[in-house]
2 protein chains.
Amino acid sequence: MLPSNDPRRESWVDIPEGSDFPIQNLPFGILSKKGGEKKVGVAIGEYALDLSALYDFGFLDLKTFSHHHFENTHMNDLLNLGHEKIRQLRERVSYLLSTESDDLKSQTKRELFLVKIDELDMHMPVKVGDYTDFYSSEDHARNVGTMFRDPDNALLPNWKHIPVGYHGRSSSIVMSGEAIHRPAGQQKPQDAEVPVYGPSKLLDFELEMAFVTYPGKPMGDRISTTEAKDYIFGMCIFNDWSARDMQTWEYVPLGPFLSKNFASSISPWLVTLDALEPFKVKGPQQDPKVLPYLEYTGDHHYDIKLDVIIKPDGGEETIVSQSNYKHMYWNMVQQLAHHTVNGCNMNGGDMLASGTISGPDPSSYGSMLELSWRGTKPLKLKDSSERKFIQDGDTVIMRGYCEKDGVRIGFGEVSTKVLPSK
Amino acid sequence: MLPSNDPRRESWVDIPEGSDFPIQNLPFGILSKKGGEKKVGVAIGEYALDLSALYDFGFLDLKTFSHHHFENTHMNDLLNLGHEKIRQLRERVSYLLSTESDDLKSQTKRELFLVKIDELDMHMPVKVGDYTDFYSSEDHARNVGTMFRDPDNALLPNWKHIPVGYHGRSSSIVMSGEAIHRPAGQQKPQDAEVPVYGPSKLLDFELEMAFVTYPGKPMGDRISTTEAKDYIFGMCIFNDWSARDMQTWEYVPLGPFLSKNFASSISPWLVTLDALEPFKVKGPQQDPKVLPYLEYTGDHHYDIKLDVIIKPDGGEETIVSQSNYKHMYWNMVQQLAHHTVNGCNMNGGDMLASGTISGPDPSSYGSMLELSWRGTKPLKLKDSSERKFIQDGDTVIMRGYCEKDGVRIGFGEVSTKVLPSK
């Protein structure tokens, strides 16, 4: 039997050329048929495999799983089973969908278990208990430091010692496709004596990726960089919406708050670390040397190509950034080891985002703040309109995929339209 | 019939002199008899009234409630019914426990419905979705600003315009009685070139109070200061544990993270805003004038006396701070209006803490950082030992109550022992 991410494994499900979801991927999501119950599904080509039906008909291990693991509003109960059981589940699904198995191939069974993704509603895959946002791209931190502080000392003294992070709002993380409203709040124009109130004028996206955790250890215990991979389930694309004018005025000394917590958007399918295994790449040399609890062995960066697109209301798409997750300075195992080194506990379904992913080239910057260099270099879209920041009616789309040896592991997209402030 | 917080209302349950829980209080909590299911209870004197049993025997409105509202691991389902229904529930419980009603007075019924609190385990009352910590005491902000920044400009420019707040960690909020471990993490001694790793040397409490929300409005909508009280269920005492040495090194630019998220502790009983109504007092004159969305009418500060106690391992209690919740600059309706002015959504069971509650007098400072003025003025305990910060083996206890017209509405206590770092 071929392993689940062997490039030679093929599925009896027809996979269109360039699909994000070949049999080597098998990402997990929460879906519903129109008006139906929410269930756990796995994407394959243009279809989703209904794991709830698969369980009910006895195709999944009845000793390990129960009905509520697969028919549920969220995936948390399933994730609470931990890495080993979920890895086995994915191997089993991979086998059932492969040409090595005839179990599901009959017309009746296909119709029972496979549903066209475009006929489904996708929902939040997990109920996010706690959401943390890191700040782990050196180019991003350097760009922001150059713009707002001191070009000669762009990185703050702690940046290369600490994977800097902060807590964000989980209630306002929404699914791709859900429109958001421009936030309103306090801003203080540079020449003003006192702050003013109104809709943000500097609405921005942040291109990020997030990972979702398995349950961690009890409070007081730590997860080491070596252990960390067994506590990470999978990843999605994450748009950390930001209101720059509100951020500047509010963030000293306790960090961003209303400038961030009005909305974040995610792509619907969680791609497992197991599927991403072949796309590991070496990270940057970390200098100065990090403290021992942040040292790691092996490669824990991933080569994930990321595009950001702006689509004006009724207009066509313009790619405004092409970045890559491999540009991160701090990787996921360092982030998780740092987050728990003080004994902080993780639950299944917690979400930890990377921070804006900017590369060294200006075309790879992960926010309008950097792309338009604080509004001084407007971007030209295909319809000849210009953007310094995001306008009402714009849809921001982020797409991501890995590609190697003829296998493409994609994340789908997160697409969010901005509506005017209420 | 007397209203539920009328000082003249009396209970047929014997209430000891000085009890925190007279019939005018009736706070809600989650309890279990040893080894039993978790249920919603209401405190009365030395007893808890088992609402789950009360419901099962038909004493509560069967049209409004279901069994899961009262037998449940948390109170969130109950809170999701909203303010009006919970107010009616509390009125009903008040009537049943009052001398005006004979419904529960028989010996058999007392034994069925009332359980001695000291025979119970108390649990987290809500599953906290999102936890926010404000920074709303002027004296605290001024003390911190004086110590760490500039005595002549102790308050940052935004402080009197914004109820400054930030997101915290909900997974590590624990119940009174649960011991916590001293956190370890990075610190950078002033004379050191690079940071070191180890247990925090400057472990501190922060005396705070927190409020718990009913479900708010959909994303994109705001809750006004006028509407806010209908979205607030009740309050508890909140100890926002802090590691000062880790905080100093990590908090610029995105705010406190590992220095806070290792643990926060709360008192078990949620005292309703309805019970606190008689203890409203006028807040400070706010100058400069706040933006219109932060203006409010009526009184929304509360006169709640607060004590902080240190009890060394095996030793006796020393009161180290006597503060009052009335010292807040920003009140709860302003905090909630600010938090939602950008369209951020609230869920039932979210927790919003006040920030350290310091009064103007040094004896009313709400943290060791301020009480010992950064370690320069050690406190003397009754056993003659000194404290600059909290030592392993110390138990920190916070108690709070209101008193007026012979009625005492108490919060009980939050008591937490500090164990060595693991």
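If you're wondering where the values come from, they're calculated on a predicted model, not measured in any experiment. Chains are numbered independently. Their residues run from 1 in the order of the written sequence. Lettering of chains starts at A and numbering of ligands starts at 1, both following the order in which they are written. Predicted model: local features are reported for residues with pLDDT of at least 70 only, side-chain atom pairs are reported and counted for 80 or more only, and whole-chain, interface and lining totals are derived from all residues. Excluding hydrogens and water, the side-chain values take into account all heavy atoms of the structure.

Caption draft 1: Up close: the overall build of chain A. Along its length, chain A carries ten helices and 26 strands. Atoms counted for the radius of gyration: C-alpha only. Globule rule: 2.2 Å times the number of residues to the power 0.38. A compact globule built from 422 residues would reach a C-alpha radius of gyration of about 22 Å, and chain A, at 22 Å, matches this within 12%. Overall, the C-alpha framework of chain A stretches about 70 × 55 × 35 Å when taken along its three principal axes. Partly exposed residues are those whose accessible area sits between 20% and 50% of the maximum for their type, while under 20% is buried and over 50% is exposed, using a 1.4 Å probe and protein chains only. Per-residue burial over chain A gives 62% buried out of 422 residues. In what follows, a contact means two residues having at least one pair of non-hydrogen atoms within 4.5 Å. If you take every contact in chain A between residues at least 6 apart in sequence, the share linking residues at least 24 apart comes to 70%. Element-wise, carbon and sulfur atoms account for 48% of the exposed surface of chain A, whose accessible area totals about 15600 Å². His is not counted here, nor are the chain ends, while Lys and Arg score as positive and Asp and Glu score as negative. Here the site of a charge means atom NZ of a Lys, CZ of an Arg, CG of an Asp or CD of a Glu. Positive and negative charge centroids in chain A, built from 45 and 59 side chains respectively, lie 1 Å apart. Secondary structure elements follow DSSP: runs of H or I no shorter than four residues count as helices, runs of E no shorter than two count as strands, and numbering proceeds from the N terminus. Note on areas: Shrake-Rupley with a 1.4 Å probe; residue coverage comes only from the protein chains shown.

Caption draft 2: Structural context of the domain arrangement of chain A. Residues and elements named next belong to chain A. According to the domain assignment, chain A contains domain 1 (28-123) and domain 2 (131-419). Buried area is a sum: the accessible area each of two parts loses on coming together, probed at 1.4 Å, counted once for each and added. Overall, the association of domain 1 and domain 2 removes approximately 1400 Å² of surface from exposure, summing both partners, and the carbon and sulfur fraction of that is 65%. Looking at the side of domain 1 facing domain 2, the largest losses of area belong to Phe-28, Leu-79 and His-83, adding up to 42% of the total buried there. By convention in these notes, a salt bridge is any Lys or Arg side-chain nitrogen within 4 Å of a carboxyl oxygen on Asp or Glu. Connecting domain 1 to domain 2 are zero salt bridges. In protein, a polar contact requires one atom able to donate a hydrogen and another able to accept it; more generally it is a pair of N or O atoms within 3.5 Å, and residues adjacent in sequence count only if both atoms are side-chain atoms. Our count for the domain 1 to domain 2 interface comes out at five residue pairs in polar contact (both at pLDDT 80 or more). Of all the secondary structure elements, the ones that give two or more residues to the side of domain 1 that touches domain 2 are strand 1 (28-33), strand 2 (39-44), helix 3 (76-79), helix 4 (83-97) and strand 5 (120-123). Each residue belonging to the side of domain 1 that touches domain 2 can be placed in one class, and the counts come to ten nonpolar, seven polar and two charged. Start and end positions for the domains come from either an automated domain assignment or a database one. The residue classification treats Ala, Val, Leu, Ile, Met, Phe, Trp, Tyr, Cys and Pro as nonpolar and Asp, Glu, Lys and Arg as charged. All others, Gly included, are polar.

Caption draft 3: Quick peek at the interface of chain A and chain B. Across the boundary between the two partners, chain A contributes 62 residues, which contact 62 residues of chain B. Contact with chain B buries area across many residues of chain A, yet A:Arg169, A:Leu254 and A:Phe257 alone supply 14% of it, more than any other trio. B:Asp130 serves as the salt-bridge partner of A:Arg169, at 3.5 Å between the closest nitrogen and oxygen. Applying the counting rule to chain A against chain B returns 30 residue pairs in polar contact (both at pLDDT 80 or more). For the side of chain A that touches chain B, the secondary-structure elements that each account for two or more residues are strand 6 (131-134), strand 7 (165-168), strand 10 (184-187), strand 11 (196-199), helix 7 (244-250) and helix 9 (332-340) of chain A. Looking at which element gives the most residues to the side of chain A that touches chain B, the answer is strand 7 of chain A, with four residues.

Caption draft 4: Inspection of helix 4 (residues 83-97) of chain B at higher detail. Residues and elements named next belong to chain B. An expected span of 1.5 Å times one less than the residue number is assigned to each helix. The end-to-end C-alpha distance of helix 4, which contains 15 residues, comes to 21 Å, matching closely the 21 Å that a straight helix rising 1.5 Å per residue would cover. Listing the buried residues of helix 4 in full gives His-83, Ile-86, Leu-89, Arg-90, Val-93, Ser-94, Leu-96 and Leu-97. Buried residues of helix 4, viewed axially, fall in a sector of 165°; they line one side. The directions from the helix axis to the C-beta atoms are what the arc is built from.

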